[in-house]
Amino acid sequence: QNFTFNSGTPAVTLANGSVTVGSSTPVNRALRVRPASGSPGGNVTVVIELVAQGDENAIGFSLTYDPAVLSNPQSAVGSDAANASLNPNTSQVTQGNLGLVLALPSGQAFTAGTRAIVNVSFAVAANAPTTTQIAFGDQPIIREIAGVNAAVLPANYTGGTITITQGFEADVAP
């Protein structure tokens, strides 16, 4: 038998001997890494996007990446988060983990829609492969989105791919 207890959020569902805690409705809110490209030995900027529902006030998350390919992360607020405060946690960047907390002033929320909230620039290794992944993790900062009333909001988290474009070497002569 299947049972769902929904006396508030989150719902608890018992089905086939398993317990699931979470909303029974689809989650449209998302945090995602926009695909980017860079060159070996150069820099690449990755944009973190929030697919906002219009009630998000603060966002915490960690990015995970291969530190042999990407290094020296530098973060800045994105074009749709100009009045937000950004606090990076760089204590684990040599292990490939960058933590970020972004918060709007109290009582404010991101406007519904797709919003560019954080830009992270990395140095690309000279011997970088043709692609590398950036994912969301929970070290050093647990992923969480909070609403204007400080309640935790459900969200999906989607990583992205960085394409490393290899240059061509050639002698140029007339």
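Here the structure is shown first, and the text comes after it.
Numbering of residues starts from 1 in every chain and runs along the sequence as written. Per-residue local features are limited, in this predicted model, to residues with pLDDT of at least 70; the limit for side-chain atom pairs, both in listing and counting, is 80 or more; totals at the level of whole chains, interfaces and linings are taken over all residues. Side-chain numbers here rest on the full set of heavy atoms in the structure, without hydrogens or water.

Here's the deal with the packing of aromatic side chains
Quick note on the threshold: Between the rings of Phe, Tyr and Trp (Trp by its six-membered ring), a pair exists once the centres lie within 6.5 Å; its type follows the angle of the planes, with under 30 degrees stacked, over 60 edge-to-face, and the other angles tilted. Secondary structure elements are taken from DSSP: a helix is a run of H or I of four residues or more, a strand is a run of E of two residues or more, and numbering for both begins at the N terminus. Buried, partly exposed and exposed residues are distinguished by accessible area as a fraction of the type maximum, computed with a 1.4 Å probe on protein chains only: under 20%, between the cut-offs, and over 50%, respectively. Here, a charge over a ring means that NZ of Lys or CZ of Arg falls within 6 Å of the ring centre while also lying within 35 degrees of the ring normal.
Following the criterion strictly, the structure yields 3 aromatic pairs and no others. Between Phe61 and Phe136 the ring centres are 5.5 Å apart and the planes differ by 75 degrees, which places this aromatic pair in the edge-to-face class. Here Phe61, found in strand β7 (residues 56–64), pairs with Phe136, found in strand β12 (residues 131–137); they are 75 residues apart in sequence, far enough to count as distant. Given the relative accessible area of 0%, Phe61 is considered buried. The structure contains a cluster of three or more aromatic residues connected by ring pairs, namely Phe61, Phe136 and Tyr157. A cation over a ring is seen here: Arg143 above Tyr157, with NZ or CZ 5.5 Å from the ring centre.

Looking at the sheet that holds strand β6 (residues 43–52)
How we decide: The pairing criterion for strands is at least two bridges between them, as found by DSSP. The axes used here are C-alpha line fits, helices contributing only the stretch in contact, and every angle between their N-to-C directions lies in the interval 0 to 180 degrees.
The sheet built from 5 strands is open, its strands ordered β8-β11-β6-β4-β15 with mixed pairing. Each edge of the open sheet is held by one strand with a lone partner, namely β8 (70–77) and β15 (156–158). Sheet twist, expressed as the mean angle between neighbouring strand axes with direction ignored, is 20 degrees. Here 4 bridges tie strand β4 (residues 30–33) to β6, and the two strands are oriented antiparallel to one another. Pairing of Val33 across the sheet is with Ile48, part of β6.

Some thoughts on the environment of Asn156
Note the following rule: Whether two residues touch is decided by their heavy atoms; if any such pair falls within 4.5 Å, the residues are in contact. Within 3.5 Å is the distance limit for a polar contact, defined as a pair of N or O atoms, with the added protein rule that one can donate a hydrogen and the other accept it, and that residues adjacent in sequence qualify only through two side-chain atoms.
Here Asn156 shows up in strand β15. According to the relative accessible area criterion, Asn156 is partly exposed, its value standing at 39%. As for Asn156 and Val27, which are separated by 129 residues in sequence, their C-alpha atoms are 7.0 Å apart. Discounting residues that sit within four places of it in the chain, Asn156 has contacts with Val27, Arg29, Ala30 and Leu31. From its side chain, Asn156 meets the backbone oxygen of Val27 in a polar contact 3.2 Å long.

With respect to the pairing of strand β13 (residues 144–147)
Note that β7 and β13 share 4 bridges and pair antiparallel. Within the sheet, the bridge partner assigned to Ile59 lies in β13 and is Ile145. Summarising the sheet, β13 and strand β14 (residues 152–153) pair through 2 bridges and their orientation is antiparallel. What sits directly across from Ala146, in β14, is Val152. Between β13 and the antiparallel strand that follows it, β14, lie 4 residues; Ala150 among them carries a positive phi value of about 75 degrees.

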